[in-house]
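# Inside the fold
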Number of protein chains: 2
Amino acid sequence: MGAVNAVDARADRLPKQDRSRATRQRLLEAAVACLAEHGWAGSTVLVVAERAGVSRGAAQHHFPTREDLFTAAVEYVAEERSVALRSLFPQGAAGDRRAVVAALVDLYTGPLFRAALHLWVAASNEDQLRPRVTELEARVGRDTHRIAVELLGADESRPGVRETVQGLLDMARGLGLANLLTDDAARRDRVVTQWAKLLDEALG
Amino acid sequence: MGAVNAVDARADRLPKQDRSRATRQRLLEAAVACLAEHGWAGSTVLVVAERAGVSRGAAQHHFPTREDLFTAAVEYVAEERSVALRSLFPQGAAGDRRAVVAALVDLYTGPLFRAALHLWVAASNEDQLRPRVTELEARVGRDTHRIAVELLGADESRPGVRETVQGLLDMARGLGLANLLTDDAARRDRVVTQWAKLLDEALG
């Protein structure tokens, strides 16, 4: 009887967990879109809940505070982004470094980067947000660096290689910032071509 | 009598103009500090006037709108920044590209970059601000590029050189962004050393 009840309870719980996961995901996606479009000042749990079509109570059940919601949202999309980047080159990049540099730079344009940028800038002025965003940023940065090293086939035991890859990711971040106010795609494409060449020579 | 009056009027006017210029400058400096510390949402003409020790009326005489005040402020400090950069190498950089790269990167850390970053991010969400900040950013970007080319002794008639310098400035911007939440000076220094070396090889 105990065993049957346990099975029943599990069967009942599964779809509920799925629903709960779907609600959470809708909230996270709405939070990123909201942050990218309206910035931190215009992004509250209530606004996000409405956008996601979720009640305020349900939203607060998942994310008790605004800080919880927005750091989780940026983390969620950063993870999606890493998965997307890896899936671009399922067998590795086969030495096409131009393609890898372009894909890395693409990580820093578009709505996720905009959302992350709003979060960083807000965190620089909000004591409650800063430690969480700083920790998140460090984690995402390490992850991106590891993927970049792998895809570029960079040998970090050689002096300077680690800093070469870091500088490339800093450049990608700067290109993302340059794209914030105007469509900078044509110039970005030329810079990517040239720096992929320099990188190729540097990495050997 | 007309001539004497004109001289008197000029003598009266000069100190007044000086006072007016000093007030304007105090307002601009206070605006940048305010934007860097509190972001766009916390930066109003009134807050800046109080910080500068200037009456609200006098502040509004100089800058009728918030947008006027803050775009003028970032423009003012960008000009100061260009002057400072040129004065670092009054006889040119004499081939010390590591020093030039470090000085260029320094432009993107510190309070001015923070202020500019807040302005860019605010402009991305505020229709009134966007065209002015976009125009300002393009102008400052061209100016910085010209100074960088000069100090690096880069020959832009050679293919790829223009994009090499652009990518360097994008990297500098990205390094500035990486410094927003944490003190990134030690890592930045290593990246600068490595990329100055790559740049030196690329520019010949």
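Everything numeric here is computed off the predicted structure, so don't read it as measured data.

Here we come to the UniProt feature "domain: HTH tetR-type" (unreviewed entry) in chain A. Sequence positions flagged by UniProt for "domain: HTH tetR-type" (unreviewed entry) are, in local numbering, residues 21-81 of chain A. Helix makes up 80% of residues 21-81 of chain A and strand makes up 0%, while its end C-alpha atoms are separated by 19 Å.

The two copies are related by a screw operation: chain A maps onto chain B through 180 degrees of rotation and 0.0 Å of translation along the axis, at an RMSD of 0.0 Å. Put plainly, the chains are arranged around a two-fold axis. Here 98% of the contact residues of chain A are again contact residues in chain B; the copies associate through an equivalent surface.

On the side of chain B, 39 residues touch chain A, which itself brings 40 residues to the contact. Taken as a group, Leu177, Leu181 and Trp195 of chain A account for 21% of the area that chain A buries against chain B, more than any other trio of residues on that side. On inspection of chain A and its partner chain B, the count reaches 4 salt bridges. Two residues, Glu163 of chain A and Arg190 of chain B, come together in a salt bridge whose shortest N-O distance is 4.0 Å. Taken together, the connections running from chain A to chain B amount to 14 residue pairs in polar contact (both at pLDDT 80 or more). Where the side of chain A that touches chain B is concerned, the elements lending two or more residues are helix H1 (2-38), helix H6 (111-125), helix H7 (130-152), helix H8 (161-178) and helix H9 (185-203) of chain A. Considering every element that reaches the side of chain A that touches chain B, the biggest residue donor is H8 of chain A, with 12 residues.

The next point concerns the environment of Glu75 of chain B. Residue and element names in this part refer to chain B. Within the secondary structure, Glu75 is located in helix H4 (residues 66-88). Assessed through its relative accessible area of 25%, Glu75 is described here as partly exposed. On a C-alpha basis, the gap between Glu75 and Leu28 in space is 9.3 Å, while along the polypeptide they are 47 residues apart. Other than its neighbours up to four places away in sequence, Glu75 contacts Leu136 and Arg139.

Another point: the UniProt feature "DNA-binding region" (unreviewed entry) in chain A. The feature "DNA-binding region" (unreviewed entry), as annotated in UniProt, sits at residues 44-63 of chain A in this numbering. Taken end to end, residues 44-63 of chain A comprises 75% helix and 0% strand; its first and last C-alpha atoms sit 11 Å apart.

Taking 1.5 Å of rise per residue, the 15 residues of H6 of chain A would be expected to cover 21 Å, and the 22 Å separating its terminal C-alpha atoms lies within 8% of that figure. Counting buried residues along H6 of chain A, 12 of its 15 residues qualify, which places the element largely inside the surrounding structure.

Moving on to the packing of H6 of chain A against H8 of chain A. All names here are of chain A. Viewed as axis vectors pointing N to C, H6 and H8 meet at an angle of 95 degrees, and their least axial separation amounts to 11 Å. The angle between the axes of H6 and H8 places the two elements in the roughly perpendicular class. Residues Phe113, Leu117 and Trp120 of H6 lie in contact with H8, whose contacting residues are Arg173, Gly176 and Leu177. Taken together, the residues of the contact of H6 with H8 sort by class into 4 nonpolar, 1 polar and 1 charged.

What follows concerns the pattern of salt bridges. A complete count under the given rule lists 30 salt bridges over all chains for this structure. Asp189 of chain A serves as the salt-bridge partner of Arg98 of chain A, at 3.1 Å between the closest nitrogen and oxygen. In this pair, Arg98 of chain A is assigned in helix H5 (residues 97-106) and Asp189 of chain A in helix H9, connecting sequence segments 91 residues apart. Residue Arg98 of chain A is classed as partly exposed on the basis of its relative accessible area of 28%. The exposure class assigned to Asp189 of chain A is partly exposed, which follows from its relative accessible area of 44%. Each of Asp170 and Arg173 of chain A together with Asp184 and Arg187 of chain B takes part in a single network of salt bridges with overlapping partners.

Residues and elements named next belong to chain A. Under the counting rule described, the total for this entry stands at 7 aromatic pairs over all chains. The interplanar angle of 80 degrees and the centroid separation of 5.8 Å between the aromatic rings of Phe113 and Trp120 together place this pair among those described as edge-to-face. Looking at Phe113, the relative accessible area reads 3%, which means it is buried. Given a relative accessible area of 9%, Trp120 falls into the buried group.

A few words on empty space enclosed by the protein. Residues and elements named next belong to chain B. Counted by the stated rule, this structure contains 1 cavity of 30 Å³ or more. In this structure, the largest cavity occupies an estimated 30 Å³ of space. Mapped by element, the contributors of at least two residues to the lining of the largest cavity are H4 and helix H7 (130-152). Looking at the lining of the largest cavity element by element, the count peaks at 4 residues for H4. Taken together, the residues of the lining of the largest cavity sort by class into 4 nonpolar, 2 polar and 1 charged.

Quick notes on the rules
Residues numbered from 1 in each chain as written. Chains lettered and ligands numbered in written order. Predicted model: local features only at pLDDT ≥ 70, side-chain atom pairs only at ≥ 80, totals over all residues. Heavy atoms only, no water. UniProt positions renumbered as here; feature names shortened; annotations may be inferred. Helix = DSSP H or I, 4+ residues; strand = E, 2+ residues; numbered from the N terminus. Least-squares fit on C-alpha atoms with pLDDT ≥ 70 in both. Contact = heavy atoms within 4.5 Å. Buried area = accessible area lost by both parts, 1.4 Å probe. Salt bridge = Lys/Arg side-chain N within 4 Å of Asp/Glu carboxyl O. Polar contact = N/O pair within 3.5 Å; in protein donor to acceptor, adjacent residues only side chain to side chain. Buried < 20%, exposed > 50% of the residue type's maximum accessible area, 1.4 Å probe, protein only. Expected span 1.5 Å × (residues − 1). Axes fitted to C-alpha atoms, helices over the stretch in contact; angles between N-to-C directions. Parallel < 35°, antiparallel > 145°, perpendicular 65-115°, else oblique. Nonpolar A, V, L, I, M, F, W, Y, C, P; charged D, E, K, R; others polar. Phe/Tyr/Trp six-rings, centres within 6.5 Å; stacked < 30°, edge-to-face > 60°. 1 Å grid on protein atoms, 1.4 Å probe; cavity = no way out; pocket = protein on both sides within 12 Å on 5 of 7 lines; lining within 4 Å. Points joined across faces, edges and corners; volume = space filled by probe spheres on them.

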